[in-house]
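Report on the structure
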Amino acid sequence: MHQKSLVELSVGLQKGAFSSEERTRACLDRVSRLDGQLNCFISVTGELALDAARAADARIRAGNAGPLTGIPFAHKDIFCTRGVKTSCGSKMLDNFIAPYDATVTRKLLDAGAVMIGKTNMDEFAMGSSNETSFYGPVKNPWNQAMVPGGSSGGSAAAVAARLVPVSTGTDTGGSIRQPAALCGITGIKPTYGCVSRYGMIAFASSLDQGGPFARTAEDVAVMLGAMAGFDERDSTSVERPDDDYTVGLDKPLQGLRIGLPKEYFGEGLDAGVGTVVEAALEEFKKLGATVKEISLPNTHLSVPGYYVVAPAECSSNLSRFDGVRFGYRAENPKDLEDLYTRSRGEGFGAEVKRRILIGTYALSAGYYDAYYLKAQQVRRLIREDFMQAFEDVDVIMGPTAPTVAFELGAKADDPVSMYLSDIYTIAVNLAGLPAMSIPAGFADNLPVGLHVIGNYFKEGRLLNAGHQYQQVTDWHTRIPEGFE
Ligand code: GLN
């Protein structure tokens, strides 16, 4: 039963083949039996989940259920949840009970989805391995010596291990797509402005987007439909008609024009990953797509540009954590200065401090033009590369990450090598485009993700490509040993 997709569960619930309460109990049971090995959850909200499940069952009986009513999900601990601890993976917020719901939380609860708990993540979403979490690392279900990717590692590993059918994540530079790839599941980062950031704890506001994880593109489409939509509480939310992401899934791919950026297949790409991606492209050709080489000449500027913009914005966003208004407060401060200094010194971990220092430096008077302004110019060049490419192709494909999952601790002392694991995902955030990762095979017995990038608001086209590929391949059905 835990192997069923969201869509299959939804059909069973509507038919009365099982109840949401039964499914929720089974999920909670699986989490309590198996999560000790993985550390996917920071909080498990069993009582709340059972109440929500009973309410969902009543709604199903009353005949006003939607596709998510009664479906258990895991929620990244970056989304505020009223009355439930919202830690963002940090000691700073270890004692923070959110007084309100994020818009995404509210939308999922209104749809009748059942929150099982809040998932582990890199501290304030800064990381690519889940190792910066105050709550300890998450283990990759495919090999527990390996990282699950980050920062949404708990949400990705929970779906891969079949603890939940679907979960939420956020992606500032790759944090949905990279863990989806490393855990062998499907995940999408929508166009910037598509999913409300209200109540989603800010890391780098001009890059952050929420999105879903699931095993299949079809499930991701259903989840995204519930999460997306205009929100007047988020000034960067885009006002446009709501999309039904499931309508175009069945469209044949005949004539789809795929671009392969030559910059994504060069140095740094693991050979095993490259082979898997090439095989996936052959499948797309069989489905009627055409493939051509393209160029995104400013790709090499994306990681350096990101590591100015993201720290600059985070240094500003995280200034609110001062020991006065939120979360952790140092004991017995001598004076106000000491309260600020020690609360921040003791409450934040090393990676967060590194980013605040870099960002504060980059924004300081005298350096602003050399760094932040320059990075914004680089950002424009990166966007123009994509716009040029989309004149000739419908989607861009390549590897999601340059390697498969790496060993826990392998990059912990080398931030630059860690930063390079997002080399293919980061440009997409700088441009604000939608992109997804779909399971495409294995290298060294670990999953490989295929990265599919689309033009603005073309999520439907990405999901269609993913769904059609999943009709002729079975990578998304593979289950890690020990979690069958
Ligand atoms: N790994 C990148 C970083 O550490 C991206 C993280 C994210 O997308 N939240 O900044």
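An account of the accompanying structure is given in this report. Model, not experiment: these values are computed from the prediction.

Okay, the overall build of the protein next. Helix and strand content of the protein: 15 helices and 11 strands. Its C-alpha atoms give the protein a radius of gyration of 21 Å, near enough to 23 Å, the size a compact globule of 484 residues would have. Every one of the 484 residues in the protein was classed for burial, and the buried ones make up 60%. If you take every contact in the protein between residues at least 6 apart in sequence, the share linking residues at least 24 apart comes to 76%. Within the structure as shown, the protein displays about 18000 Å² of accessible surface, and the carbon and sulfur contribution to it stands at 51%. With 47 positive and 57 negative side-chain charges, the protein shows a spacing of 3 Å between the two charge centroids.

The next point concerns the pairing of strand β3 (residues 114-119). Note on strand geometry: in a regular strand, side chains alternate between the two faces of the sheet. Burial runs high along β3: six of the six residues are buried. Inspection of the sheet shows strand β1 (residues 41-44) paired to β3 by three bridges, in the antiparallel sense. For Val44, the partnering residue across the bridge sits in β3 and is Gly117. Relative to β3, strand β2 (residues 72-76) is paired through five bridges, and the arrangement is parallel. Bridge pairing in β3 links Lys76 to Thr119. Read from β2 through helix α4 (residues 103-110) to β3, the crossover connection turns out right-handed.

Close to the ligand lie 15 residues; Gly173, Ser175, Tyr306, Arg355 and Asp422 are nearest. Residue Ala125 places a main-chain N or O atom 2.8 Å away from a nitrogen atom belonging to the ligand. Ser128 places a side-chain nitrogen or oxygen 2.8 Å from a nitrogen atom of the ligand. Within the complex, 100% of the 290 Å² of free accessible area of the ligand lies under protein. In this structure, the ligand is accommodated by the largest cavity. Looking at the shell around the ligand residue by residue, the classes come out as five nonpolar, seven polar and three charged.

Applying the stated criterion across every chain, the model contains three cavities of 30 Å³ or more. By volume, the largest cavity amounts to about 80 Å³. Lining of the largest cavity is provided by 13 residues; of these, Gly127, Ser128, Ser175, Tyr306 and Asp422 occupy positions nearest its centre. In terms of residue class, the lining of the largest cavity is built from four nonpolar, seven polar and two charged.

Here we take up the sheet that holds β3. What the 11 strands build is an open sheet, ordered β1-β3-β2-β4-β6-β5-β10-β11-β9-β7-β8; its pairing is mixed. Unpaired on one side and paired on the other, β1 and β8 (290-294) mark the two borders of the sheet. Strand-to-strand twist across the sheet, computed as the mean angle between neighbouring axes with direction ignored, equals 30°.

A cluster of nonpolar side chains, contributed by Val324, Leu336 and Tyr340, occupies part of the molecular surface with about 260 Å² of accessible area. The residue Leu336 is located in helix α10 (residues 336-347) in this model.

Scanning the entire structure with this criterion turns up 23 salt bridges. Here the salt bridges do not stand alone but share partners, grouping Glu21, Arg25, Asp51 and Arg54 into one network.

Closest axis-to-axis distance for the α4/helix α7 (residues 217-227) pair is 8 Å, and the angle between their directions is 115°. The angle between the axes of α4 and α7 places the two elements in the roughly perpendicular class. On α7, the residues that touch Val104, Lys107 and Leu108 of α4 are Met223, Ala226 and Met227. A breakdown of the residues in the contact of α4 with α7 according to their chemical character gives five nonpolar, no polar and one charged.

On to helix α2 (residues 20-38). Look at α2: 25 Å from first C-alpha to last across 19 residues, which is about the 27 Å you get at 1.5 Å a residue. Where α2 bends most, at Ser32, the angle is about 40°. Of the surrounding elements, those touching the buried residues of α2 are α1 (6-15), β1, α3 (46-61), β2 and β3. Count one or two residues on from α2 and you reach Asn39, which has phi positive near 65°.

Attention now goes to the packing of aromatic side chains. Tallied over the entire structure, the rule returns 17 aromatic pairs. Grouped by ring-pair contacts, the aromatic residues Phe96, Phe124, Phe321, Phe326 and Phe348 constitute a single cluster. Cation over ring: Lys91 sits above Tyr328, and NZ or CZ is 4.9 Å from the ring centre. Here Lys411 stacks its cationic end above the ring of Phe406, 4.4 Å away from the centre of that ring.

Here the focus is the environment of Phe348. Inspection of the secondary structure puts Phe348 in the loop between α10 and α11 (350-363). Looking at Phe348, the relative accessible area reads 5%, which means it is buried. Considering only alpha carbons, one finds Phe348 and Leu93, 255 residues apart in sequence, at a separation of 9.5 Å. Those residues in contact with Phe348 that sit more than four places away from it in its chain are Met92, Glu123, Phe124, Leu318, Phe321, Lys353 and Ile356.

What follows covers unusual backbone geometry. For the peptide bond that leads from Gly150 to Ser151, omega is 5°, which places it in the cis range. You can see Ser151 is positioned in the loop between β3 and α5 (153-160). We note that Asp444 has phi near 50°; this positive angle belongs to a residue other than glycine. Here Asp444 is to be found in the loop between β10 (435-443) and β11 (446-454).

Reading guide: rules and limits
Residues numbered from 1 in each chain as written. Predicted model: local features only at pLDDT ≥ 70, side-chain atom pairs only at ≥ 80, totals over all residues. Heavy atoms only, no water. Helix = DSSP H or I, 4+ residues; strand = E, 2+ residues; numbered from the N terminus. Rg over C-alpha atoms; globule rule 2.2 N^0.38 Å. Buried < 20%, exposed > 50% of the residue type's maximum accessible area, 1.4 Å probe, protein only. Contact = heavy atoms within 4.5 Å. Areas by Shrake-Rupley, 256 points an atom, 1.4 Å probe, with all protein chains shown as cover. Lys, Arg positive; Asp, Glu negative; His and termini not counted. Charge placed at Lys NZ, Arg CZ, Asp CG, Glu CD. Pairing = 2+ DSSP bridges. Right-handed = clockwise from strand over helix to strand, strands pointing away. Near = heavy atom within 4 Å. Polar contact = N/O pair within 3.5 Å; in protein donor to acceptor, adjacent residues only side chain to side chain. 1 Å grid on protein atoms, 1.4 Å probe; cavity = no way out; pocket = protein on both sides within 12 Å on 5 of 7 lines; lining within 4 Å. Sits in = over half its atoms within 2 Å of the grid points. Nonpolar A, V, L, I, M, F, W, Y, C, P; charged D, E, K, R; others polar. Points joined across faces, edges and corners; volume = space filled by probe spheres on them. Axes fitted to C-alpha atoms, helices over the stretch in contact; angles between N-to-C directions. Patch = residues over 30% accessible without salt bridge, like charges linked within 9 Å, V, L, I, M, F, W, Y side chains within 5 Å. Salt bridge = Lys/Arg side-chain N within 4 Å of Asp/Glu carboxyl O. Parallel < 35°, antiparallel > 145°, perpendicular 65-115°, else oblique. Expected span 1.5 Å × (residues − 1). Bend = angle between axes of the 7 residues up to and from the residue. Phe/Tyr/Trp six-rings, centres within 6.5 Å; stacked < 30°, edge-to-face > 60°. Lys NZ or Arg CZ within 6 Å of the ring centre and 35° of its normal.

The analysis is restricted to geometry; functional conclusions fall outside its scope.
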